[in-house]
Amino acid sequence: SLTIAALREAPGENRVALSPEVVRKLVKSEFQVLIEAGAGTRSFYPDAVYEQAGAKISERSAVIKDADVIATIGQPGADVVDQLTAGQTLLGLLRPLTDLDYVKELAAKKVNALAFELLPRTVSRAQTMDVLSSQASVAGYKAALVAADSFARYLPMMITAAGTAKPTKVLVLGTGVAGLQAIGTAKRLGAMVSGYDIRPASRGEVESLGATFLTTSVSATGEGGYARALTPEETAQQQAELADFIAQNDVIITTAQVPGRRPPLLVTQKSVDAAKAGTLFIDLAASELGGNVAGSQPGKTVTTPQQAQIVGAGDMASQLPASASDMFAKNVQAVLNAVVQNGKLVLDVDDEVVGELLATYQGDIISSRVREAMK
Ligand code: NAD
């Protein structure tokens, strides 16, 4: 029978790609499940809980060697890739559009790579597999909590004998899955919330959460309802118009992404410098590719000379690891259901979902999106 495995992720990544609940279901449907010792520790899933669910706990190199499919949150490091052999399959967030050397290496090793970034998200059958959505949802929620925890004032209005505190004004830039979750959570905490997106279509979603929708003269909807990258002129125009909104708010949560591109810069250095003391920026797009806020650094909080704070919050899903892992694992299970027939792994390159998910197959880079990114 097929062996599905999960490894201990890189340091700093708290999630795990298989949860005990999903392991139990996989074992029931006749898979063998291998979990590296300690893989679930940072999500508060001890080895013993996986064992009770029917998994076998092994040390790292044995897991790598015996796995048919390795489910992973992030890219496995060189120690893993070196040990992989032809015909093995990786499933995870493999950064196929932004780390092309990695994809080439997997292809050279004839490792089949199913990359969640390539999921055709508008195909309804793919929704249960949508890691980008499930993790963005966790991240948006956590971002609002980090905002509440890090900001020096109450979020809600407080009427007390010692005076009245005004509600904090929270602005969410980018109102996709993460942004909407941040808006909903900040509203529940009592903040005065507004949202902005380059896609005018998101107005209804923002307003249905009781937040105000802001617009600029620049709007851009690209393929499949997603945002497209802006021209330099549009970018400058947008940045200038956003500067006023930013100056009027206390907490700015940014979530803007364009698939396969570096995140757009929404908050310029000028806007950061102009922000009043205590202003809090939470940049969910912060990564090694850059972020939405000038000067944000992934995983770090920067205090500016004007005493604004910029939280490089690209890792918010990892900061709510148990819920994030549960949802990630469900998405993994949904993909496995789509690629296993009668106990055998069938990677159908002509399937509208599986074919798109495949970055590499039998030694070739078969994804047209990855090949486009290589040009
Ligand atoms: P995302 O993570 O790629 O981007 C986050 C948000 O940033 C998006 O709303 C995008 O419009 C916005 N953005 C990009 N560039 C911007 C800019 N310059 N200025 C301001 N905002 C900018 O997107 P997402 O959250 O994964 O999803 C975006 C949309 O797709 C949402 O409407 C979501 O509901 C929809 N969606 C649909 C499906 C489906 O049909 N199955 C699945 C997932 C998401």
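Right above here is the structure, for reference.
Residues numbered from 1 in each chain as written. Predicted model: local features only at pLDDT ≥ 70, side-chain atom pairs only at ≥ 80, totals over all residues.

1. A look at the overall build of the protein chain
Next, step 1: Looking only at helices and strands, the protein chain has 13 helices and 19 strands in total.
Next, step 2: For the protein chain, long-range pairs separated by at least 24 residues make up 63% of all intrachain contacts whose partners lie at least 6 apart in sequence. (Helix = DSSP H or I, 4+ residues; strand = E, 2+ residues; numbered from the N terminus. Contact = placed C-beta atoms within 7 Å.)

2. Examining the nonpolar core
Next, step 1: In terms of nonpolar packing, the biggest core is built from 111 residues, with Leu18, Ala143, Ala147, Ile253, Ile282 and Val332 touching the most fellow members.
Next, step 2: Top contributing element to this core by residue count: helix H6 (residues 131-150), with 10 residues.
Next, step 3: With residues up to four places along the chain from it excluded, the contact list for valine 332 reads Ala17, Leu18, Val22, Ala71 and Leu91. (Core = buried A, V, L, I, M, F, W, Y, C linked by C-beta atoms within 7 Å. Buried ≥ 20, exposed ≤ 12 C-beta atoms within 10 Å, placed from the backbone.)

3. Overview of the sheet that holds strand S19 (residues 364-365)
Next, step 1: Read across the sheet, eight strands follow the order S3-S2-S1-S4-S5-S6-S18-S19 without closing on themselves; strand pairing throughout is mixed. Every interior strand has two partners, whereas the edge strands, strand S3 (56-58) and S19, have only one.
Next, step 2: Bridge count for strand S1 (residues 3-6) against strand S4 (residues 69-72) is three bridges, and the pairing is parallel. Residue pairing in the sheet places alanine 5 in a bridge with isoleucine 70 of S4. (Pairing = 2+ DSSP bridges.)

4. So, the site of the ligand
Next, step 1: For the ligand, the set of nearby residues contains 28 residues, the closest of which are Gly174, Gly176, Ala227, Ala256 and Gln257.
Next, step 2: Broken down by secondary-structure element, the contributors of at least two residues to the shell around the ligand are H6 and helix H7 (177-188).
Next, step 3: Counting residues per element, the shell around the ligand draws most heavily on H6, which supplies three residues.
Next, step 4: Taken together, the residues that form the shell around the ligand break down as 14 nonpolar, 10 polar and four charged. (Near = placed C-beta within 6 Å. Nonpolar A, V, L, I, M, F, W, Y, C, P; charged D, E, K, R; others polar.)

5. Here we look at the sheet that holds strand S15 (residues 309-312)
Next, step 1: Judged by pairing direction, the sheet is mixed, and its seven strands sit side by side in the order S11-S10-S9-S12-S13-S15-S14 without closing on themselves. The sheet is open, and its two edges are formed by strand S11 (212-214) and strand S14 (301-303), each paired on a single side. Across the sheet, the axes of successive neighbouring strands diverge by a mean angle of 20 degrees, strand direction being ignored.
Next, step 2: The sheet contact formed by strand S12 (residues 251-254) and strand S13 (residues 280-283) spans four bridges and is parallel. Across the sheet, residue isoleucine 252 finds its bridge partner in S13, namely phenylalanine 281. (Axes fitted to C-alpha atoms, helices over the stretch in contact; angles between N-to-C directions.)

6. Things to note about the pairing of S1
Successive residues of a regular strand alternate their side chains across the two faces of the sheet.
Next, step 1: As paired strands, S1 and strand S2 (residues 32-36) are joined by four bridges and run parallel to one another. Residue pairing for S2: isoleucine 4 is matched across the bridge by valine 33.
Next, step 2: A crossover connection joins S1 to the parallel S2 through helix H1 (residues 20-28); in handedness this β-α-β unit is right-handed. (Right-handed = clockwise from strand over helix to strand, strands pointing away.)

7. Remarks on the packing of H6 against H7
Next, step 1: Packing of H6 against H7 brings their axes to within 7 Å, and their N-to-C directions diverge by 35 degrees. Crossing geometry of H6 relative to H7 is assigned as right-handed. For the pair H6 and H7, contact is made by Ser133, Ala136, Ser137, Ala139, Gly140, Tyr141, Ala143, Ala144, Leu145 and Ala147 and by Val177, Ala178, Gly179, Leu180, Gln181, Ala182, Thr185 and Ala186, respectively. (Left-handed = near helix turned anticlockwise from the far one by under 90°.)

8. Here we look at H7
Next, step 1: Its 12 residues give H7 an end-to-end C-alpha distance of 17 Å, which sits within 8% of 16 Å, the value for a rise of 1.5 Å per residue.
Next, step 2: Burial analysis of H7 places nine of its 12 residues in the buried class, the great majority of the element.
Next, step 3: Buried residues of H7: Val177, Ala178, Gly179, Leu180, Gln181, Ala182, Ile183, Thr185 and Ala186, and no others.
Next, step 4: Buried positions along H7 lie against H6, strand S9 (169-173), strand S10 (192-196), helix H8 (203-208) and S12. (Expected span 1.5 Å × (residues − 1).)

9. Here we look at the environment of methionine 192
Next, step 1: Take methionine 192: it is sitting in strand S10.
Next, step 2: By C-beta crowding, methionine 192 is classed as partly exposed, having 19 other C-beta atoms within 10 Å.
Next, step 3: For the pair methionine 192 and alanine 247, spaced 55 residues apart in sequence, the C-alpha to C-alpha distance is 15 Å.
Next, step 4: When neighbours within four sequence positions are excluded, methionine 192 is seen to be in contact with Pro167, Thr168, Lys169 and Val170.

10. A look at unusual backbone geometry
If a residue is not glycine, its phi is most likely negative; likewise, a peptide bond is most likely trans.
Next, step 1: The backbone phi angle of phenylalanine 44 is positive, close to 65 degrees, even though this residue is not glycine.
Next, step 2: Within the secondary structure, phenylalanine 44 is located in the loop between S2 and helix H2 (47-52).
Next, step 3: A positive phi is found at glutamine 307, a non-glycine position, where the angle reads about 65 degrees.
Next, step 4: Here glutamine 307 falls in the exposed class, since 12 other C-beta atoms lie within 10 Å of it.

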